[in-house]
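Letter by letter, the chains look like this.
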Amino acid sequence: QVDVVESGGGLVQSGGSLRLSCAASGEAASTYHMGWFRQAPGKEREFVAVRSWNGESKLYADSVKGRFTISKDNAKNTVYLQMTSLKPEDTAVYYCAAATFLTRYAANYAHWGQGTQVTVSS
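Description of the structure in this document. In this text, all values refer to a predicted model and were calculated from it rather than measured experimentally.

**Here's the deal with the sheet that holds strand E8 (residues 78–83)**
If you walk across this open sheet you meet the four strands as E1-E3-E8-E7, and the pairing is antiparallel. Strands with a single pairing partner mark the edges of an open sheet, and in this sheet they are strand E1 (3–7) and strand E7 (68–73). Ignoring strand direction, the axes of neighbouring strands in this sheet form an average angle of 20°. Pairing of strand E3 (residues 18–25) with E8, which is carried by six bridges, proceeds in the antiparallel orientation. The residue of E8 that forms the bridge with Arg-19 is Gln-82.

**Some remarks on the nonpolar core**
Residues Met-34, Trp-36, Val-48, Phe-68, Leu-81, Met-83 and Tyr-94 are the most contacted members of the largest nonpolar core, which totals 35 residues. Of all elements in the fold, only E3, strand E4 (33–39), strand E5 (46–51), E7, E8, strand E9 (92–99) and strand E11 (116–121) reach the threshold of two or more residues within this core. When residues in this core are grouped by element, the largest group, six residues, is from E9. Residue contacts for Phe-68: discarding those within four places in its chain leaves Arg-38, Val-48, Tyr-60, Leu-81, Gln-82, Met-83, Thr-84, Leu-86, Asp-90 and Tyr-94.

**Structural notes on the packing of aromatic side chains**
Tallied over the entire structure, the rule returns five aromatic pairs. In textbook terms, an aromatic cluster arises when at least three aromatic residues are bridged by ring pairs, as seen for Phe-37, Phe-47, Tyr-95, Tyr-109 and Trp-112. Cation over ring: Arg-19 sits above Tyr-80, and NZ or CZ is 4.3 Å from the ring centre. The lysine or arginine in question, Arg-45, covers the ring of Tyr-95, its NZ or CZ lying 4.1 Å from the ring centre.

**Concerning the state of the cysteines**
What the rule picks out here adds up to one disulfide. Across the disulfide, Cys-22 is cross-linked to Cys-96 (sulfur-sulfur distance 2.0 Å). The disulfide joining Cys-22 to Cys-96 has a torsion of about -80° about its S-S bond and is therefore left-handed. One end of the pair, Cys-22, is in strand E3; the other, Cys-96, is in strand E9, with 74 residues separating them in the sequence. Across the pair, exposure class does not vary: Cys-22 and Cys-96 are buried alike.

So, how was this worked out
Residues numbered from 1 in each chain as written. Predicted model: local features only at pLDDT ≥ 70, side-chain atom pairs only at ≥ 80, totals over all residues. Heavy atoms only, no water. Pairing = 2+ DSSP bridges. Helix = DSSP H or I, 4+ residues; strand = E, 2+ residues; numbered from the N terminus. Axes fitted to C-alpha atoms, helices over the stretch in contact; angles between N-to-C directions. Core = buried A, V, L, I, M, F, W, Y, C linked by side-chain atoms within 4.5 Å. Buried < 20%, exposed > 50% of the residue type's maximum accessible area, 1.4 Å probe, protein only. Contact = heavy atoms within 4.5 Å. Phe/Tyr/Trp six-rings, centres within 6.5 Å; stacked < 30°, edge-to-face > 60°. Lys NZ or Arg CZ within 6 Å of the ring centre and 35° of its normal. Disulfide = S-S within 2.5 Å.

Any functional reading would require information that these geometric values do not contain.
Here you go:
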């Protein structure tokens, strides 16, 4: 029982930055591991990053490592994806999702947000 809502997408130039937000709600929301995925037109949904519920573990896709950072504001129960040095290939719809264990696989996430569009121009 957790609801997630993403925001913060937009249009940026190559080399720019954006911060995406994911607000989680529900009685057990704070105990879920929170992940970010993305999907470009005609492509499969791709893992981006995940943070364990207690912050002990963070995993990143090789394609974003060193450029993206996942974090959480516990007081607001909001997870962030800070994206820097953006490239045109980062263009996609970005989704926030919640899982009961730490995983890179979309099929293991039971709750998903509606998605937010990120477009990087060249």
